[in-house]
Amino acid sequence: MSDSFEIFDDRFRALLRPDSRLEKLADGCIWAEGPVYVPAGYVVWSDIPNNRMLRWNESDGSVETFRQPANYTNGNTLDRQGRLITCEHGGRRVSRTEPDGTVVTVADNYQGKKFNSPNDVVVKSDGTIWFTDPPYGILPGTKEGYASEPDLDGCYVFRHDPASGETTLLIDDMVKPNGIAFSPDEQRLYVADTGASHDPTVERVIRVYDVVDGKSVTNGRVFCHIDPGMADGFRFDQNGYLYTSSADSIQVYTEDGTRLGKILVPEKIANCAFGGPDKNRLFITASSSLYVIDLNTRGI
Ligand code: MG
């Protein structure tokens, strides 16, 4: 076990089962991102440069194409009705996949200006859709979308209310907002900044904001510094612990920003998502591969 984990705090041991071991489920991707577990028994994720979405079936371990071409999708999640909500670089939109497979636009602009390339997304318990909008899918020479001029004058975090159709700007003080998640009680919003990808002076951090009235945020501050690499996507478990991607591992943090330990992964990680029938399996997209590790905790 010693070569699979780095343990900084004894609370980390309680998260592990005797059989907790990283297992590779799929490979052959260029940049695997955006895993989501669908309770029908499969994981969907994006392979962004290959412009496809893949599906791993828990019944027999088979892997198949879910959608191709896929509009250079990135982050995925489910809404309150269990429908797939997807960030699309190519469509510069957040889309929804209906039960019949039709893909419809959820949101594609803020006050008439196109988004850059929505990256990661979370759905709140009230059904509103909160997402980040860095420029990776429109940058010159990008292999993750279509190079285009930005329409917006920055990279923001937005909230979309499907009931009213309104999109509001939540966060404008980050460089390249990327991974996004709520604390289990939805009183705090966490957002990773990957601005260091193009400017090494940008702090490699996850920021935290207090949620106000369930629909806006305030009091942004640094939650944790990530090393090595940067945080891209991350998720919370039932303890309120944060599981974040980094260059070498899934790193586990407590609510007060204490780093408990690392689940080492042999490839650079983009994102993770809890799933499985008991929500105790952490699915990890890392460069070419999809991995899983079974833990003694459950995702929210
Ligand atoms: Mg991301």
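A short tour of the structure in this document, coming up. For every chain, the first residue of its written sequence is number 1, and the numbers climb from 1 along that sequence. In keeping with the model being predicted, local features are shown solely for residues with a pLDDT of at least 70 and side-chain atom pairs are shown and tallied solely at 80 or more, while totals for entire chains, interfaces and linings include all residues. The side-chain values count all of the structure's non-hydrogen atoms but skip hydrogen atoms and water molecules.

1. Quick notes on the overall build of the protein chain
A run of H or I in DSSP counts as a helix once it spans at least four residues, and a run of E counts as a strand once it spans at least two, with each numbered from the N terminus. Helix and strand counts for the protein chain stand at zero helices and 27 strands. Our radius of gyration looks at C-alpha atoms and nothing else; its globule reference is 2.2 Å times the residue count to the power 0.38. Here the protein chain has a C-alpha radius of gyration of 18 Å; the compact-globule value for 300 residues is 19 Å, and the two agree. Expressed along its principal axes, the backbone C-alpha trace of the protein chain runs to roughly 55 × 45 × 35 Å. Buried, partly exposed and exposed residues are distinguished by accessible area as a fraction of the type maximum, computed with a 1.4 Å probe on protein chains only: under 20%, between the cut-offs, and over 50%, respectively. Counting across all 300 residues of the protein chain, residues that qualify as buried make up 59%. Working rule for contacts: check all heavy atoms of both residues, and any pair within 4.5 Å makes them a contact. Residue pairs at least 24 apart in sequence account for 46% of intrachain contacts in the protein chain once pairs closer than 6 positions are excluded. By element, 44% of the accessible surface of the protein chain is carried by carbon and sulfur atoms, the whole surface being about 12,200 Å². Here Asp and Glu are counted as negative and Lys and Arg as positive; His is not counted, and neither are the chain ends. All charge positions are set by atom: Lys at NZ, Arg at CZ, Asp at CG, Glu at CD. Placing the 31 positive and 44 negative side-chain charges of the protein chain at their respective mean positions leaves the two points 1 Å apart. Working definition of accessibility: Shrake-Rupley area with a 1.4 Å probe, residue cover restricted to the visible protein chains.

2. Observations regarding the sheet that holds strand S9 (residues 93–97)
Strands are labelled as partners when DSSP assigns at least two bridges between them. The four strands are arranged S7-S8-S9-S10 in an open sheet whose pairing can be described as antiparallel. Two strands close off the open sheet at either side, each with one partner strand: strand S7 (73–78) and strand S10 (103–107). Here the average twist between neighbouring strands, direction ignored, is 30 degrees. To get an axis, fit a line to the C-alpha atoms, keeping to the stretch in contact for a helix; angles then go from 0 to 180 degrees between the N-to-C directions.

3. Observations regarding the pattern of salt bridges
The term salt bridge refers to a pairing of a side-chain nitrogen on Lys or Arg with a carboxyl oxygen on Asp or Glu at a separation within 4 Å. On inspection of all chains with the given rule, the structure shows 17 salt bridges. Between Arg83 and Glu98 there is a salt bridge; the shortest N-O distance is 3.8 Å. One end of the pair, Arg83, is in the loop between S7 and strand S8 (84–88); the other, Glu98, is in the loop between S9 and S10, and 15 residues separate them in sequence. Judged by its relative accessible area of 22%, Arg83 falls in the partly exposed class. You can call Glu98 buried: its relative accessible area is 18%.

4. Examining the coordination of the magnesium ion
Here the term donor refers to an N, O or S atom within 2.8 Å of the metal (or 3.2 Å for Na, K and Ca), and because water is left out of the atoms, sites may appear incomplete. Listed as protein donors to the magnesium ion are Glu33 (OE), Asn119 (OD1), Asn178 (OD1) and Asp232 (OD); their distances from the metal cover 2.2 to 2.6 Å. Donor residues for the magnesium ion, ordered by position in the chain, follow E-x85-N-x58-N-x53-D. Within this pair, whereas Asn119 is found in the loop between strand S12 (113–114) and strand S13 (121–123), its partner Asn178 is found in strand S17 (residues 177–182), the two being separated by 59 residues in sequence. When sorted by exposure, Asn119 lands in the same class as Asn178, which is buried.

5. Details of the nonpolar core
Within this scheme, the nonpolar core is defined by two criteria: the residues are buried Ala, Val, Leu, Ile, Met, Phe, Trp, Tyr or Cys, and they are joined through side-chain atoms within 4.5 Å. Tyr243, Leu282 and Ile284 are the most contacted members of the largest nonpolar core, which totals 21 residues. At the level of secondary structure, the elements contributing two or more residues to this core comprise strand S23 (249–253), strand S24 (259–264), strand S25 (271–275), strand S26 (281–286) and strand S27 (289–294). The element best represented in this core is S26, accounting for three residues. Residues contacting Ile284, with those up to four places away along its chain left out, are Leu22, Ile250, Val265, Ile269, Asn271, Cys272, Ser289, Leu290, Tyr291 and Ile293.

Read these as layout, nothing more, since geometry by itself doesn't imply function.
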